[in-house]
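Given next are the chains, with one letter for each unit.
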Amino acid sequence: MSSQKRGKNVQAQNRTSQGSNSFQTTLSAWKVKQDPSNSKSISKHGEDNPVGNYEHADDQAEDALQMAVLFYRWLVAMFDFIDHKEQINLLYGFFFASLQDDALCPYVCHLLYLLTKKENVKPFRVRKLLDLQAKMGMQPHLQALLLLYKFFAPALISVSLPVRKKIYFKNSENLWKTALLAVKQRNQGPSPEPLKLMLGPANVRPLKRVIIPVLNSSSCTKECGKKEMSLSDCLNRSRSFPLEQLQSFPQLLQNIHCLELPSQMGSVLNNSLLLHYINCVRDEPVLLRFYYWLSQTLQEECIWYKVNNYEHGKEFTNFLDTIIRAECFLQEGFYSCEAFLYKSLPLWDGLCCRSQFLQLVSWIPFSSFSEVKPLLFDRLAQLFFTSTIYFKCSVLQSLKELLQNWLLWLSMDIHMKPVTNSPLETTLGGSMNSVSKLIHYVGCLSTTAMRLESNSTFLLHFILDFYEKVCDIYINYNLPLVVLFPPGIFYSALLSLDASILNQLCFIMHRYHKNLTAAKKNELVQKTKSEFNFSSKTYEEFNHYLTSMVGCLWTSKPFEKGIYIDTEILENTGVAEYKKSLNVVHHPSFLSYAVSFLLQESPEERTVNVSSIRGKKWSWYLDYLFSQGLQGLKLFIRSSVHRSSVTRAEGINYNNQY
């Protein structure tokens, strides 16, 4: 036991002696003052009991370490409640010196991460951090601080660091959250209703809580609030514009140089002008403070983390709605929300706050699909396949909005700055690969869902809505990508009994034709083989679909080209004149239109023969269909069908001779 104590004491002494050449602010600064009588007793008996001295010193070192850890944890937990952070920043050097202690390093890094400004980044501090990284390895807390230093002074840090933003620090533990909630309740005064007796442990919560703090300037002093003090005096005194006075966008532009954000960053969620400000200024410490507050609040308020949180469901739903409004306003997702989705999805039942949860999914910032898939999409698929058709449609709608947000981000980011500066992918090809994988993932989900839901027309509408976005990527977003839908979706739509589904399919095929034609023309103009030339397989697959559609709807030669079905199988179906059964006259989804057209031509007839629609009447019938709002069919026929004595499909030649 004595030898173990001595070893432990030697480790403590070594830890407190590290870095003594540059800094002396070690755990000795945290020692509790000894009682004079105790010191005399120790000096008196020191020679007689050396082992006891070691044990006593060891206990003191451990106590000092625990006190230091608690102090830094407390500072981090209360950081958003501190008004004058510039005074805390004066102790930056003192805090930085504590990094040399392995036990304190994660907590000190977290505090410095919140405190760091550009003037705090010095070459000697960069060297110290790099030395610590070489000693301790790639620790998340050191990566976070180095990444922030590199943001402020890129020339000082030449080593490569992961540039994708993450949540590098753990949230406060339950003890701290419970303590903070208890303090909030005490400060709000006595509860309006008597507290119920709770059997067993329970978090202390106020009966009426405000999740998002009220906007309050950190720099606006009490004197500024007095009536006898004018606004000009206040501005001259504090040199910053009080946020409470900010009412209009012109006012924001006039005072943007003298704004100081509130100490509680969460209050900006309810203020569109401050959201404008943080979006334009792009101050990294401001965003870090905001993300930290948001990640903590989401975890503390999430109602499916703990059973007894469900009583606050309405408050949490309103909180999520506020976050979503802010994301829509900024047209950008928050990384804290992304981390919250990854952590909370395994516990989510698919019902609670469904609309809000799926809207958060649609605002996930663009990233590598391979990274996101195991964290989000694989778990979401488990709920997707085991839930109702309405949940499936909601997920598909959310994924369509996610694709749209990714495409908008890429279309602006790639053409506005060099690809090598992109924070997510190093090449355009890598970005396109992630988008392509997302589209293929949705295609797999959709194909399986159609089988599970017996080819539901309702579900198919949402699937085709997704592919309406996909088919126009090349033209609408100027991105070199064309991904076709899977055969299971194409043939389900082609054989649908709903005219609106078939009309939607025709429109999508028309847009695919336009995009592939534009891509082919662009390749011929450039006359060079680039990374983004579409493969012949894409053109072959499109021509395959196009031939099948024209064979069914126009030439009355179904399944002879494209997908081939043996004539014996078709005859065994028992359908008379099966070759004509899928053209624009006899197709089950168009039969009602054919009957209405014939009755309009001869209203006195009691029986109609749809086979009589041919020759000139065929052209009149097409005009009738177009007049009924089937614009997708109209665009498809005019762009993809060559109307001559020999009708053929206007496919795309993928060879060099376009």
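Scroll up to find the structure.
Below you will find a few notes about this structure. In this convention, every chain numbers its residues from 1, walking through the sequence in written order. Owing to the predicted nature of the model, reporting of local features is limited to residues with pLDDT of at least 70; listing and counting of side-chain atom pairs is limited to 80 or more, with chain, interface and lining totals taken over all residues. No hydrogens and no water enter the side-chain calculation; it runs on all heavy atoms of the structure.

**Brief notes about the overall build of the protein**
If you tally the helices and strands in the protein, you get 28 helices and two strands. The buried label goes to any residue with under 20% of its type's maximum accessible area, the exposed label to any with over 50%, and the partly exposed label to all in between, with areas taken from a 1.4 Å probe on protein chains only. When the 658 residues of the protein are sorted by exposure, 47% land in the buried category. We call two residues contacting when some pair of their heavy atoms lies within 4.5 Å. Pairs at least 24 residues apart make up 71% of the contacts formed inside the protein by residues separated by at least 6 positions. Working note: accessible area of the protein is about 33,900 Å², and carbon and sulfur atoms make up 54% of it. Only DSSP runs of H or I reaching four residues or more are called helices, and only runs of E reaching two or more are called strands; each is numbered from the N terminus. Accessible surface area values rest on a Shrake-Rupley calculation with a 1.4 Å probe, where residue burial reflects the displayed protein chains alone.

**Focus: the side chain of lysine 400**
Considering the arrangement of structural elements, one finds lysine 400 in helix H18 (residues 389–416). For the buried lysine 400, no salt bridge exists, and the shortest N-O distance to an oppositely charged side chain is 5.1 Å, to aspartate 465. Once residues within four sequence positions are removed from consideration, lysine 400 is found in contact with Asp465, Phe466 and Lys469. In this tally, Asp and Glu contribute negative charge and Lys and Arg positive charge; neither His nor the terminal groups of the chain are included. For this document, the term salt bridge refers to a Lys or Arg side-chain nitrogen within 4 Å of an Asp or Glu carboxyl oxygen.

**As for the pattern of salt bridges**
Enumeration according to the criterion identifies four salt bridges in this entry. For the salt bridge of lysine 392 with glutamate 453, the shortest nitrogen-to-oxygen distance reads 3.0 Å. With a gap of 61 residues between them, lysine 392 in helix H18 and glutamate 453 in the loop between helix H19 (428–452) and helix H20 (457–470) connect regions that are remote in the sequence. Using a relative accessible area of 23% as the deciding quantity, one classes glutamate 453 as partly exposed. With a closest N to O distance of 3.0 Å, aspartate 472 and arginine 511 form a salt bridge. Here aspartate 472, found in the loop between H20 and helix H21 (473–476), pairs with arginine 511, found in helix H23 (residues 499–526); they are 39 residues apart in sequence, far enough to count as distant.

**Focus on a nonpolar patch on the surface**
Together, Val595, Leu599 and Val608 make up a nonpolar patch on the protein surface, roughly 190 Å² of accessible area in all. Structurally, leucine 599 can be placed in helix H26 (residues 591–601). For leucine 599, a relative accessible area of 36% corresponds to the partly exposed category. Each patch is assembled from residues with relative accessible area greater than 30% and no salt bridge, linking like charges that lie within 9 Å and nonpolar side chains (Val, Leu, Ile, Met, Phe, Trp, Tyr) that lie within 5 Å.

**Describing the packing of aromatic side chains**
Pairs were defined over the aromatic rings of Phe, Tyr and Trp, the Trp ring being its six-membered one, requiring ring centres within 6.5 Å. Orientation was assigned from the angle between planes: stacked under 30 degrees, edge-to-face over 60, tilted for the rest. Enumeration over the complete set of coordinates arrives at 31 aromatic pairs. When the centroid spacing of 5.9 Å and the interplanar angle of 20° are considered together, the rings of phenylalanine 366 and tryptophan 409 count as stacked. On the criterion of sequence distance, the pair formed by phenylalanine 366 in the loop between helix H16 (354–362) and helix H17 (369–386) and tryptophan 409 in helix H18 is long-range, its members being 43 residues apart. Here phenylalanine 377 and tyrosine 441 contribute two aromatic rings whose centre-to-centre distance is 5.1 Å and whose plane-to-plane angle is 45°, an arrangement assigned as tilted. Within this pair, whereas phenylalanine 377 is found in helix H17, its partner tyrosine 441 is found in helix H19, the two being separated by 64 residues in sequence. Residue phenylalanine 377 is classed as buried on the basis of its relative accessible area of 0%. Within the aromatic cluster, the residues linked to one another by ring pairs are Phe466, Tyr467, Phe485, Phe490, Tyr491, Tyr512 and Tyr545. The rule for a charge over a ring is simple: NZ of Lys or CZ of Arg within 6 Å of the ring centre, and within 35 degrees of the ring normal. The side chain of lysine 520 reaches across the aromatic face of tyrosine 539, ending 5.6 Å from its centre.

**Some words on helix H22 (residues 487–494)**
Taking burial as the measure, the eight residues of H22 include six buried ones, the bulk of the element. Taken as a whole, H22 has its buried residues at Ile489, Phe490, Tyr491, Ser492, Ala493 and Leu494.

**A closer look at the environment of serine 640**
Looking at where serine 640 falls in the secondary structure, it is placed in helix H28 (residues 631–640). A residue is classified by how much of its surface remains accessible, and serine 640, at 0% relative accessible area, is buried. Along the chain, serine 640 and cysteine 506 lie 134 residues apart, while their C-alpha atoms are 9.9 Å from each other. Polar contact is defined as a pair of N or O atoms within 3.5 Å, subject to the rule that within protein one atom must be able to donate a hydrogen and the other to accept it, and that residues adjacent in sequence are counted only when both atoms are side-chain atoms. A polar side-chain atom of serine 640 sits 3.4 Å from a polar atom in the side chain of serine 639.

**With respect to the packing of H17 against H19**
With axes taken as lines fitted to C-alpha atoms, and helix axes fitted only over the stretch in contact, angles between N-to-C directions fall between 0 and 180 degrees. One can describe the packing of H17 onto H19 by two numbers: an axis separation of 12 Å at closest approach and a directional angle of 10°. Taken together, the axes of H17 and H19 lie roughly parallel to each other. With respect to the hand of their crossing, H17 and H19 are arranged in right-handed fashion. Where H17 abuts H19, its residues Phe369, Ser370, Phe377, Asp378, Ala381, Phe384 and Phe385 lie against Ser434, Lys437, Leu438, Tyr441, Leu445, Thr448, Ala449 and Leu452. Considered class by class, the residues forming the contact of H17 with H19 number 10 nonpolar, three polar and two charged. Any angle that falls under 35 degrees is termed roughly parallel, while one over 145 is termed roughly antiparallel, one within 65 to 115 roughly perpendicular, and all others oblique. Take the far helix as the reference: if the near one is turned anticlockwise from it by less than a right angle, the crossing is left-handed, and if turned clockwise, right-handed. Residues are sorted three ways: Asp, Glu, Lys and Arg are charged, Ala, Val, Leu, Ile, Met, Phe, Trp, Tyr, Cys and Pro are nonpolar, and all the rest, Gly among them, are polar.

**Overview of unusual backbone geometry**
The phi dihedral of glutamine 331 is positive, around 55°, even though this residue is not glycine. Considering the arrangement of structural elements, one finds glutamine 331 in the loop between helix H14 (313–330) and helix H15 (335–344). The backbone of serine 454 shows a phi angle near 55°, a positive value even though the residue is not glycine. Structurally, serine 454 can be placed in the loop between H19 and H20. Residue class for serine 454 comes out exposed when judged on its relative accessible area of 62%.

**A word on the environment of glycine 350**
Its location among the elements puts glycine 350 in the loop between H15 and H16. The buried category is assigned to glycine 350, whose relative accessible area is 3%. The spacing of glycine 350 and phenylalanine 384 is 34 residues in sequence and 8.8 Å in space, taken between C-alpha atoms. Residues in contact with glycine 350, not counting those within four places in the same chain, are Leu383 and Phe391.

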